[in-house]
Amino acid sequence: MEIKNKPEKPSGKLGILTPGMGAVATTFVAGVESIRQGLSKPIGSLTQMGTIRLGKRTDNRVPAIKDFVPLAELDDLVFGGWDLFEDNMYEASLKAGVLNKESINQIKPFLESISPMKAVFDQKYVKKLSGDWVKKGKSWFDLAEQLKEDILEFKKQNNCDRLVMIWCASTEIFMKPSAVHKDLASFEKGLKENNPDIAPSMVYAYAALSLGVPFANGAPNLTVDIPALMELAHKNEVPIGGKDFKTGQTLMKTILAPGLKARLLGLNGWFSTNILGNRDGEVLDDPESFKTKEESKLSVLEHILQPELYPDLYSDFYHKVRINYYPPRGDNKEGWDNLDIFGWLGYPMQIKIDFLCRDSILAAPIVLDLALFLDLSQRIGFHGIQEWLSFYFKSPQHAPGLYPEHDLFIQLMKLNNTLRHIQGENLITHLGQEYYD
Ligand SMILES: NC(=O)c1ccc[n+]([C@@H]2O[C@H](COP(=O)([O-])OP(=O)(O)OC[C@H]3O[C@@H](n4cnc5c(N)ncnc54)[C@H](O)[C@@H]3O)[C@@H](O)[C@H]2O)c1
């Protein structure tokens, strides 16, 4: 990717806009504020806690990532968004039930100061939700215009220099790319004609990209993963990324599967089941939203294990993913995995994982890192799909004709090498012959 502008420390405020102000968005915003107030540490965030090795191993140059690349400071972030429930971020974070009351109350006035703008929403695309804090408009196009006004007004009111938008709203029903998505002209016609193959998430993405605002998709919906919106991203030179934050069970899968492959251990089956009781769980209880999630979760193993290269090990494994809505568990979901593997002489073994996971605790630092890295991309002139940010996604968006990279460790190497490239340092491939490379 070509670096058009020298990476420089940004000045002014960066506005982070989230369609959706539920569990993930409120945990992210409350977390940033609590870190700013010195009440917590940014655990899980690569931009805040990560380091990067530069040069030869003997050079001993391992700066913090935030000192190496010029990212926006946490103190310069402001937050806004949309939801179909009118609750401000304080009320919404209490309802989400991720953070405890005590931590939420420590930053109550701050959270109360952020209220959602009215959503672009249609229940056809998220069957289990209904709310009344919703915009009215004659067409998708009209609604996109209203979103653009919101964005510009937010920018002005908050005195922002730059903006990014991260989709933190519910998972929409499963959709495949169709004729209306094939190019920008068809898409804009479809917006005016209220084409049903256009979902609300696409209307947000269209509004953002039209105004040159980078967009990342934290859910598995199609959204920006269509030729029309990729065309718009290129036309307006805006970076985009997606899909579906890599948290919980899939994070574990992309940590474990590369290890199995590295040691050439075979796989007969991988059964994954989850119970969760938050609003996301309720939305995913609808088969059409679940289908979108299922596709995203299932794609991971095939790509990591490469059965075409290792037919004796991976050509015939059974992979099943279940999600069950179970209200008593709230946001504290439980993910069980059973792996049937085999080793030397084909002898079978099993691995069991019981991950008592807090999904939004894993997702919040991803939102932060994506916002800061997308802003960096925008400032230096990277645009289109940012494959180097695949590290953060379950279903990484990739250039047409290429396959997505799912292996967490290859993804991290790609991310680090992109940062080295941005700052004019040598890439590290770990291929050097000398012990000190
Ligand atoms: N929790 C995680 O770790 C995690 C991981 C990967 C992906 N995700 C995805 O991120 C999204 C958010 O997850 P969550 O746990 O915060 O869910 P949530 O249900 O708590 O929050 C989603 C919010 O989006 C709102 N919403 C729905 N449609 C909207 C629209 N068109 N415009 C504006 N607001 C809208 C809902 O009212 C809700 O408040 C989901 O799609 C989920 O699948 C979450």
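Residues numbered from 1 in each chain as written. Predicted model: local features only at pLDDT ≥ 70, side-chain atom pairs only at ≥ 80, totals over all residues.

Chemist: Could you clarify how one ought to interpret the environment of Gly 44 in this entry?
Modeler: Considering the arrangement of structural elements, one finds Gly 44 in the loop between α1 (23–36) and α2 (46–49). For Gly 44, a count of 17 C-beta atoms within 10 Å corresponds to the partly exposed category. Residue contacts for Gly 44: discarding those within four places in its chain leaves Leu 362 and Pro 365. (Helix = DSSP H or I, 4+ residues; strand = E, 2+ residues; numbered from the N terminus. Buried ≥ 20, exposed ≤ 12 C-beta atoms within 10 Å, placed from the backbone. Contact = placed C-beta atoms within 7 Å.)

Chemist: Could you clarify how one ought to interpret helix α8 (residues 184–192) in this entry?
Modeler: Helical periodicity: at 3.6 residues per turn, an α-helix aligns residues three or four positions apart in one direction. Among all positions in α8, only Phe 187, Gly 190 and Leu 191 are buried. Each buried residue of α8 sits inside an arc of 105° when the element is viewed along its axis, so together they form one side. (Arc of directions from axis to C-beta.)

Chemist: Hey, could you run me through the confidence of the model for the chain in this one?
Modeler: Note that predicted coordinates carrying low pLDDT should not be read in detail. When the pLDDT values of the chain are averaged, the result is 94; 98% of them are 70 or greater. Under a pLDDT of 50 for its full length, residues 433–437 has, in the predicted model, five contacts with residues more than four places off or in other chains. (pLDDT = per-residue confidence, 0-100.)

Chemist: Would you take a moment to explain the pairing of strand β1 (residues 13–19) for this structure?
Modeler: Consecutive side chains along a regular strand alternate between the two faces of the sheet. Of all seven residues making up β1, six are buried, and the element is well covered by its neighbours. Relative to strand β4 (residues 160–167), β1 runs parallel, the two being bridged by five bridges. Directly across from Ile 16, in β4, lies its bridge partner Val 164. By the bridge criterion, six bridges tie β1 to strand β2 (residues 77–83) in an arrangement that is parallel. When the bridges of β2 are listed, Leu 17 appears paired with Gly 80. (Pairing = 2+ DSSP bridges.)

Chemist: Explain the domain arrangement of the chain here, please?
Modeler: Frequently, the measure chosen for interface size is the accessible area removed from exposure when the parts meet. Annotation of the chain at the domain level lists domain 1 (13–245 + 361–422) and domain 2 (248–358). When each unit is reduced to the centre of its C-alpha atoms, the spacing between domain 1 and domain 2 is 25 Å. Taken together, the contact between domain 1 and domain 2 spans 28 residues of the former and 30 residues of the latter. For the side of domain 1 that touches domain 2, the secondary structure elements donating two or more residues are α15 (359–380) and α16 (408–422). (Domains from an automatic or database assignment.)

Chemist: Honestly, helix α11 (residues 248–262) in this entry has me stumped. Any pointers?
Modeler: For α11, spanning 15 residues, the distance from its first C-alpha to its last is 22 Å, which sits close to the expected 21 Å at 1.5 Å a residue. Buried within α11 we find Gly 248, Gln 249, Thr 250, Leu 251, Lys 253, Thr 254, Ala 257, Leu 260 and Lys 261. Looking at the buried residues of α11, the elements they touch are β7 (266–276), α13 (287–305), β9 (332–342), β10 (348–358), α15 and α16. Backbone geometry just downstream of α11 places Leu 264 in the positive-phi region, at approximately 55°. (Expected span 1.5 Å × (residues − 1).)

Chemist: Looking at this structure, how should I read the environment of Leu 94?
Modeler: Looking at the element boundaries, Leu 94 is found in helix α4 (residues 89–96). A residue is classified by how many C-beta atoms lie within 10 Å of it, and Leu 94, with 18 of them, is partly exposed. C-alpha of Leu 94 to C-alpha of Ile 166: the two residues are 72 residues apart in sequence and 22 Å apart in space. With residues up to four places along the chain from it excluded, the contact list for Leu 94 reads Lys 101 and Ile 104.

Chemist: Would you mind showing me how to read the site of the ligand here?
Modeler: The environment of the ligand is formed by 35 residues, the closest being Gly 20, Gly 22, Ala 219, Arg 279 and Asp 359. Counting residues per element, the shell around the ligand draws most heavily on α15, at four residues. Broken down by class, the residue content of the shell around the ligand amounts to 21 nonpolar, nine polar and five charged. (Near = placed C-beta within 6 Å. Nonpolar A, V, L, I, M, F, W, Y, C, P; charged D, E, K, R; others polar.)

Chemist: I'm lost on the sheet that holds strand β6 (residues 239–241) in this one. Help?
Modeler: Neighbouring strands of a sheet are bound in pairs by backbone hydrogen bonds; such pairs are parallel or else antiparallel. What the seven strands build is an open sheet, ordered β3-β2-β1-β4-β5-β6-β11; its pairing is parallel. Looking at strand neighbours, the two that pair on one side only are β3 (117–118) and β11 (384–385), the edges of this open sheet. Pairing analysis gives two bridges linking β2 to β3, with the strands arranged parallel. In the sheet register, Trp 82 faces β3, and the bridge partner there is Met 117. Contacts between helix α9 (residues 200–210) and the sheet are confined to β1, β4 and β5 (215–217), with β4 contributing the most and set at about 160° to the helix. Across the sheet, α15 lies against β1, β4, β5 and β6, angled at about 130° from β4, the strand it touches most. (Axes fitted to C-alpha atoms, helices over the stretch in contact; angles between N-to-C directions.)

Chemist: Quick question: what am I supposed to make of the pairing of β7 here?
Modeler: In this structure, β7 lies alongside β9, joined through nine bridges in antiparallel fashion. Following the sheet pairing, Leu 267 is matched in β9 by Ile 341. Two elements, β7 and strand β8 (residues 318–325), share eight bridges in a ladder whose sense is parallel. Across the sheet, residue Ile 275 finds its bridge partner in β8, namely Asn 324.

Chemist: Whenever I open this one, the nonpolar core confuses me. Can you help?
Modeler: In globular proteins that are soluble, nonpolar side chains generally tend to be buried together. In this structure, Ile 166, Val 203, Tyr 206, Leu 209, Leu 229, Val 367 and Leu 370 are the most contacted members of the largest nonpolar core, which totals 109 residues. Counting the residues that make up this core, at least three belong to each of domain 1 (13–245 + 361–422) and domain 2 (248–358). Not counting chain neighbours up to four residues away, the residues in contact with Ile 166 comprise Ile 16, Thr 18, Ala 216, Gly 218, Val 367, Leu 370 and Ala 371. Among the nonpolar cores identified, the runner-up in size contains twelve residues, and Leu 301, Ile 304, Leu 305 and Tyr 314 belong to it. (Core = buried A, V, L, I, M, F, W, Y, C linked by C-beta atoms within 7 Å.)

Chemist: Could you clarify how one ought to interpret the packing of α11 against α13 in this entry?
Modeler: When two helices pack together, their arrangement is given by the angle between their axes and by how far apart the axes lie. Across the interface, α11 lies against α13 with an axial gap of 10 Å and an inter-helix angle of 20°. Taken together, the axis directions place α11 and α13 in an arrangement best described as roughly parallel. Judged by the sense of rotation from one axis to the other, the crossing of α11 with α13 is right-handed. Across the interface between the two elements, Thr 250, Lys 253, Thr 254, Ala 257, Pro 258 and Lys 261 from α11 touch Lys 297, Val 300, Leu 301, Ile 304 and Leu 305 from α13. (Parallel < 35°, antiparallel > 145°, perpendicular 65-115°, else oblique. Left-handed = near helix turned anticlockwise from the far one by under 90°.)

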